[in-house]
Amino acid sequence: DMKVTQMPRYLIKRMGENVLLECGQDMSHETMYWYRQDPGLGLQLIYISYDVDSNSEGDIPKGYRVSRKKREHFSLILDSAKTNQTSVYFCASSLGGGYAEQFFGPGTRLTVL
Amino acid sequence: GQGVEQPDNLMSVEGTFARVNCTYSTSGFNGLSWYQQREGHAPVFLSYVVLDGLKDSGHFSTFLSRSNGYSYLLLTELQIKDSASYLCAGLRNNNNRIFFGDGTQLVVKP
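Reference entry: report on the structure contained in this document. The shown structure was predicted, so the numbers you read here are calculated from the model rather than taken from an experiment.

Facing 23 residues of chain A, the contacting portion of chain B comprises 19 residues. Between chain A and chain B, the buried area comes to about 1500 Å², and carbon and sulfur atoms account for 54% of it. It is Leu43(A), Ala100(A) and Phe104(A) that lose the most area in chain A upon contact with chain B, and together they represent 30% of the buried surface on that side. Summed over the shared surface of chain A and chain B, the result is one salt bridge. For Arg92(B), the salt bridge identified is with Asp59(A), shortest N-O distance 3.4 Å. The interface formed by chain A and chain B contains seven residue pairs in polar contact (both at pLDDT 80 or more). Where the side of chain A that touches chain B is concerned, the elements lending two or more residues are β4 (31-37), β5 (43-51) and β6 (54-57) of chain A. Looking at which element gives the most residues to the side of chain A that touches chain B, the answer is β5(A), with four residues. Partitioned by chemical class, the residues of the side of chain A that touches chain B number eleven nonpolar, nine polar and three charged.

A few words on the pattern of salt bridges. Residues and elements named next belong to chain A. The tally for this structure, following the rule as stated, stands at six salt bridges over all chains. A salt bridge links Lys69 to Asp53, with the nearest nitrogen and oxygen atoms 2.9 Å apart. With Lys69 in strand β7 (residues 65-70) and Asp53 in the loop between β5 and β6, this residue pair connects regions lying 16 residues apart in the sequence. For Lys69, a relative accessible area of 60% puts it in the exposed group.

Once that is clear, we can look at unusual backbone geometry. Residue and element names in this part refer to chain A. Note the cis peptide between Met7 and Pro8, where omega equals -10°. Mapping Pro8 onto the fold places it in the loop between β1 (4-7) and β2 (10-13). Residues other than glycine seldom take positive phi values, yet Asp53 does so here, at roughly 55°. Positive phi values are uncommon outside glycine, yet Ser80 reaches one of about 65°. Within the secondary structure, Ser80 sits in the loop between β8 (73-78) and β9 (87-94). With a relative accessible area of 35%, Ser80 lands in the partly exposed category.

The rules we used
- Residues numbered from 1 in each chain as written.
- Chains lettered and ligands numbered in written order.
- Predicted model: local features only at pLDDT ≥ 70, side-chain atom pairs only at ≥ 80, totals over all residues.
- Heavy atoms only, no water.
- Contact = heavy atoms within 4.5 Å.
- Buried area = accessible area lost by both parts, 1.4 Å probe.
- Salt bridge = Lys/Arg side-chain N within 4 Å of Asp/Glu carboxyl O.
- Polar contact = N/O pair within 3.5 Å; in protein donor to acceptor, adjacent residues only side chain to side chain.
- Helix = DSSP H or I, 4+ residues; strand = E, 2+ residues; numbered from the N terminus.
- Nonpolar A, V, L, I, M, F, W, Y, C, P; charged D, E, K, R; others polar.
- Buried < 20%, exposed > 50% of the residue type's maximum accessible area, 1.4 Å probe, protein only.

Listed below in structure tokens is the structure:
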């Protein structure tokens, strides 16, 4: 069953709190991604991971960090969340970097008050 | 934005067709992907085109003109459930990452 999962699905935090978003995939995909999507906009790449401990900044990495200690798990961390980080966060995976087909998780709706 | 552009909105009628256009920077991208995203859901991959011409996949077809930096997604025999946002995404040729357009919101009316 090819699946990308995300936890939690909904999260409300106060400004300055730390946030941990988790993502898992069961397809043994090498490459995983974190995106954010704001209303009416496309997906913006935050970080990309090419494999365990092989992470690269995307287009908007500021204020975020990631961790990938197992191929099937990829975490997004917000240290001291800000209100402008309120968004929907999507995790995705693909066979490798450069593959056009990405499989997306259901998203996490984060609200920072 | 920033190299991949799509119209914001498109409206069509059930049973007819809709063409979702996408333009992109020819110097920046090698190949275009199309994704469907229903309200409140994750994007779902539809198609990837890297060669010129029309790629027919039944209900969805995609066209690419590399020299013009233009692609479209053609949906035929529209159903109400085709109402969704359609995202065009270019595969960057400098780092093999995908860059998404802002999406075109398609509304299919009865």
